[in-house]
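The lines below spell out each chain.
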Amino acid sequence: MSYLRLQGLTKRYPGHLAVSDLNLDVERGEIVALLGPSGSGKTTTLRLLAGFEVPDAGSIVVDGEDVTRLAPAARRFGMVFQNYALFPHLDVGENVAFGLRDVPDVGARVAAALARVDLTGFERRRVTELSGGQQQRVALARSLAPEPRVLLLDEPLSNLDPTLRERTRRELREQIKRTGITTLFVTHEQEEAFDLGDRIAVLNAGRLEQAGSADDLYDRPATSFVARFVGRTSTLPGRLAGRGPGRRVIVRPEALRFAPDGHITGRVIARRFTGGFALFSVESDGVSFDVHAPHDAVKVGDEVRVTIERVLMEEPE
């Protein structure tokens, strides 16, 4: 059995089904990202796990124990909040020790937690003197100090500027992996989910669309929602050979190529810089789509021919 199992988890609010029959297994030591747009149910799922909300149906089992109806403290889950929830009037050590009531040798436990996040020697520093990345690590140390069975993180890097966020998410993954703790975190940033998560669970309107690695979601989406939500796609009229008529195909820009013998004709209407390559928007018979190609492949206004090298998936009209 998986270390953490969510089975049939459901939560209703007046006039709104926030989480619907959610089933998800998480292995011991695995990091799973809950990814989805606003209103997809990811934060409600995290609150159900933490015990801040009670499900209307379903169960939460960790290491063989059903914790669905246990109070938050009895679950032994650690939580890092979006705003870190640090106490500005306490120093770093006091913040980390806050949840260690009735624990012998608190000082040693605090020192060990700070060492796990590379903040040894910061015990007497004021949290207001720390950078955003350091504050995030203090919050992580505080959640690790009670030695929780599961770690929950709510948008853990949203308070950081983009440059710091990229560096900090690499450090955060290393720190969590070093502890070996089973972790679930909420994010709406795809890049963050791909960098931090071993697997990503994509939620939409309270339902789990697909759970898998970044490669699985990008190259083998289970639904058209996942195909469109993860990465960039275009939808073109057409069908796969041997299938029935009246279908559309979903393709990625890198699966389209400008070619003299291409079977799609169109005109380049825009060009966007994306680093080493460019995204060219092409219009054909009233449908526009993007082609990922070298900067000098074509120019805006050119009449072009395009070939499809790989279809991501097809769907009914």
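Structure shown above.
Keep in mind that this is a model prediction, so the values were computed, not measured. (Residues numbered from 1 in each chain as written. Predicted model: local features only at pLDDT ≥ 70, side-chain atom pairs only at ≥ 80, totals over all residues. Heavy atoms only, no water.)

A. Focus on the environment of Ser-288. Looking at the secondary structure, you find Ser-288 in strand β16 (residues 287-293). In contact with Ser-288, other than residues within four places in its own chain, are Ile-269, Val-282 and Glu-283. (Helix = DSSP H or I, 4+ residues; strand = E, 2+ residues; numbered from the N terminus. Contact = heavy atoms within 4.5 Å.)

B. Representation of the sheet that holds strand β6 (residues 77-80) within the structure. Strand order in the open sheet formed by six strands is β6-β7-β8-β3-β9-β10, and the pairing between neighbours is mixed. Each having just a single partner strand, β6 and β10 (207-212) make up the two edges of the open sheet. Strand-to-strand, the axes of this sheet are offset by a mean angle of 20 degrees, without reference to chain direction. As judged from the five bridges shared by strand β7 (residues 150-154) and strand β8 (residues 182-187), these two strands associate in the parallel manner. Of the residues in β8, the one forming a bridge with Leu-152 is Leu-184. Set on the sheet, helix α5 (residues 132-144) makes contact with β6 and β7; between it and β6 the angle comes to about 165 degrees. (Pairing = 2+ DSSP bridges. Axes fitted to C-alpha atoms, helices over the stretch in contact; angles between N-to-C directions.)

C. Highlighting the environment of Arg-165. Of note, Arg-165 is situated in helix α6 (residues 162-179). Since its relative accessible area comes to 18%, Arg-165 is described here as buried. Between the C-alpha atoms of Arg-165 and Gly-133, which are 32 residues apart in sequence, the distance is 8.0 Å. (Buried < 20%, exposed > 50% of the residue type's maximum accessible area, 1.4 Å probe, protein only.)

D. Spotlight on the nonpolar core. Counting residues in each nonpolar core, the largest one holds 39 residues, and the members touching the most others are Val-92, Val-96 and Leu-151. The element that contributes the greatest number of residues to this core is α5, accounting for five residues. By size, the runner-up hydrophobic cluster in this structure holds 26 residues, among which are Leu-4, Leu-6, Leu-24 and Ala-50. (Core = buried A, V, L, I, M, F, W, Y, C linked by side-chain atoms within 4.5 Å.)

E. Fine view of the pairing of strand β17 (residues 303-308). Note: strand β13 (residues 256-258) against β17, three bridges, orientation antiparallel. Considered in β17, the bridge of Leu-256 is made with Ile-308. Direction of pairing for strand β14 (residues 264-273) relative to β17: antiparallel, over a ladder of four bridges. Within β17, the position partnered with Gly-266 by the bridge is Val-304.

These results come straight from atomic positions and should not be treated as a statement about function.
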